[in-house]
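Spelled out from the first residue to the last, the chains are:
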Amino acid sequence: MTKYIIARLAGIVPTTLLLLFTVVVLVRLLPGSAIDALEAQAAVAGTTGISGEAREALERRLGLDEPLPLQYIEYTWNAAQLDFGRSVLRGEPVTKMIERTLLPTLMLGVLALAWASVAGMIIGLLSAVTRGTAGDYVMRSLSILGLSIPNFALATFVIVLPTIWWKWSPPVTYTSFDGSNLWTYVSQFLIPALVLGLALSAVVMRLTRTQLLEVLGQDYVRTARAKGLPERTAVLRHALPNALIPVVSTLGLEVATLISGAVLIEAIFGLPGMGRMLLTAISERDYPVIQGIAVVTGMFVIFANLLVDISYGWLNPRVRLGA
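Residues numbered from 1 in each chain as written. Predicted model: local features only at pLDDT ≥ 70, side-chain atom pairs only at ≥ 80, totals over all residues. Heavy atoms only, no water.

A.B. asks: I'm lost on a nonpolar patch on the surface in this one. Help?
C.D. replies: A contiguous nonpolar patch, built from Val160, Ile164, Trp165, Trp166 and Trp168 and spanning about 630 Å² of accessible area, is present on the exposed surface. We classify Trp168 as partly exposed; its relative accessible area is 46%. (Patch = residues over 30% accessible without salt bridge, like charges linked within 9 Å, V, L, I, M, F, W, Y side chains within 5 Å. Areas by Shrake-Rupley, 256 points an atom, 1.4 Å probe, with all protein chains shown as cover. Salt bridge = Lys/Arg side-chain N within 4 Å of Asp/Glu carboxyl O. Buried < 20%, exposed > 50% of the residue type's maximum accessible area, 1.4 Å probe, protein only.)

This is the structure:
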């Protein structure tokens, strides 16, 4: 298992280098620049625009006057030291801005992933073992409904409909964590996490059901039953671990979807996470902030898939033996 984990860790290096290259190139392809945004702000405020010398100085500070390969090398070196530069419009280190907004995004994403995984697997398991019954049809119908409703539309319904029907709406104000208000802090993420994780729970449910039905028809499961093992043991101990391998793979890939979905959910529920900061940075063409957030979220996806690979070796020993 150790050799298997080391091999997977080694694969992170080229993936990270490719991520950094992609971020540097794609951000440069955005129309306009942070300097153009500063000039627009100056025009709105009625002040003098940026002079030629000031513009050249800003370009040098941002490294925009250098060839793209050199920009990539410098950015990679600085990112390895957790230095993502400074915000052009605010002058604040991007690392500090990310530190300030990382916890709300992490809390939202972890809660959404946790409930979607647990609920999806349990409902998928129940649907598979009750195949063809009324309960199975109800659970499958609910999963289709969960896939059909966009999370931003559901979030809007969750806020608006209770207000109309019961004169109550979920809180859309943010309470910071101060060490003594753990439940108050966590509770404000519960409804947004339920909304964000609904579609993922439907995906997990349907995939778990499909894979479990396929595994239950395998020879080794029929042999286990023929030897007199209880149905619960045959399903939970022999069939479920093998059925979960594609499910775990899907969860790793869906981390990116959760992060992208969190952008709108944070905006709707008033959560000051990285998603809202990214929207602001894109509108302002604040290159360093966009790049820093893209790299951090990309690293989350990379490490999530690393955990998926490691879980493969735990669920199926044949995977790690072939590493």
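A.B. asks: Any chance you could explain helix H13 (residues 274–284) here in plain terms?
C.D. replies: For an α-helix, 3.6 residues make a turn, and residues three or four places apart therefore share a direction. Residues of H13 that are buried: Met274, Gly275, Met277, Ala281 and Glu284. Positive backbone phi, approximately 55°, marks Arg285, located one or two places after H13. (Helix = DSSP H or I, 4+ residues; strand = E, 2+ residues; numbered from the N terminus.)

A.B. asks: What is the right way to read the pattern of salt bridges from this model?
C.D. replies: Side chains bearing opposite charge may pair, as long as their charged atoms lie close to each other. In total, this model carries three salt bridges according to the counting rule given. With a shortest N-O distance of 2.7 Å, Glu92 and Arg100 are connected by a salt bridge. Accessibility expressed as a relative area gives 22% for Glu92, which makes it partly exposed. Close ionic contact of Arg140 with Asp136 constitutes a salt bridge, the shortest N to O distance being 3.5 Å. One end of the pair, Arg140, and the other, Asp136, are both in helix H7 (residues 134–148), four residues apart, so they sit about a helical turn from each other. Arg140 sits in the partly exposed class, given a relative accessible area of 30%. Taking the relative accessible area as the measure of exposure, Asp136 reaches 0% and is therefore buried. What emerges from the salt-bridge pattern is a single network uniting Asp136, Arg140 and Arg209.

A.B. asks: Help me understand the environment of Leu200 in this model?
C.D. replies: Looking at the element boundaries, Leu200 is found in helix H10 (residues 190–216). Overall, the relative accessible area of 4% leaves Leu200 in the buried class. The sequence separation of Leu200 and Val255 amounts to 55 residues, and the corresponding C-alpha distance is 9.6 Å.

A.B. asks: So what exactly am I meant to see when it comes to the packing of aromatic side chains here?
C.D. replies: Aromatic ring pairs are defined here through the distance separating the ring centres and the angle between the ring planes. Within this structure, the stated rule accounts for six aromatic pairs. Look at Tyr75 and Phe84: their rings are 6.5 Å apart centre to centre, the planes differ by 45°, and that puts the pair in the tilted class. Neither residue differs from the other here; Tyr75 and Phe84 are each classed as buried. Put simply, the rings of Tyr174, Tyr185 and Phe189 pair up and form one aromatic cluster. (Phe/Tyr/Trp six-rings, centres within 6.5 Å; stacked < 30°, edge-to-face > 60°.)

A.B. asks: For this particular structure, what's the right way to read the packing of helix H6 (residues 94–129) against H7?
C.D. replies: Between two packed helices, the angle of one axis relative to the other and the distance separating the axes together describe the packing. Taken N-terminus to C-terminus, the directions of H6 and H7 make an angle of 145°; their axes are 8 Å apart at the nearest point. In the crossing of H6 with H7, the sense of the turn from one axis to the other is left-handed. Here Ile123, Leu126 and Ser127 of H6 come into contact with H7, specifically with Asp136, Met139 and Arg140. For the contact of H6 with H7, the class distribution of residues is three nonpolar, one polar and two charged. (Axes fitted to C-alpha atoms, helices over the stretch in contact; angles between N-to-C directions. Left-handed = near helix turned anticlockwise from the far one by under 90°. Contact = heavy atoms within 4.5 Å. Nonpolar A, V, L, I, M, F, W, Y, C, P; charged D, E, K, R; others polar.)

A.B. asks: Looking at this model, I keep getting lost on the environment of Val138. Mind explaining?
C.D. replies: Assignment of secondary structure puts Val138 in helix H7. The exposure class assigned to Val138 is partly exposed, which follows from its relative accessible area of 48%. On a C-alpha basis, the gap between Val138 and Ser127 in space is 9.0 Å, while along the polypeptide they are 11 residues apart.

A.B. asks: How should the packing of H7 against H10 be read in this particular structure?
C.D. replies: At their nearest, the axes of H7 and H10 sit 8 Å apart, and the two run at 140° to each other. Relative to H10, the element H7 lies oblique. Crossing hand, H7 versus H10: left-handed. Of the residues in H10, those touching H7 at Asp136, Met139, Arg140, Ser143, Ile144, Gly146 and Leu147 are Leu198, Ala199, Ala202, Val203, Met205, Arg206 and Arg209. Grouping the constituent residues of the contact of H7 with H10 by class yields eight nonpolar, two polar and four charged. (Parallel < 35°, antiparallel > 145°, perpendicular 65-115°, else oblique.)

A.B. asks: Before we go on, may I ask you to explain the nonpolar core in this structure?
C.D. replies: Soluble, globular proteins show a tendency: their nonpolar side chains are buried together. Core analysis: the biggest nonpolar cluster contains 32 residues, and Leu108, Leu196, Leu212, Ile265 and Phe269 have the highest contact counts within it. Secondary-structure elements contributing two or more residues to this core are H6, helix H8 (151–166), H10 and helix H12 (231–269). Top element by residues in this core is H12. It accounts for 11 residues. Contact partners of Leu108, with chain neighbours within four places excluded, come to Phe189, Pro192, Ala193, Leu196, Ala262, Ile265, Glu266 and Leu271. Residues Val23, Tyr72, Val295 and Val296 belong to the second largest nonpolar core, which totals 25 residues. (Core = buried A, V, L, I, M, F, W, Y, C linked by side-chain atoms within 4.5 Å.)

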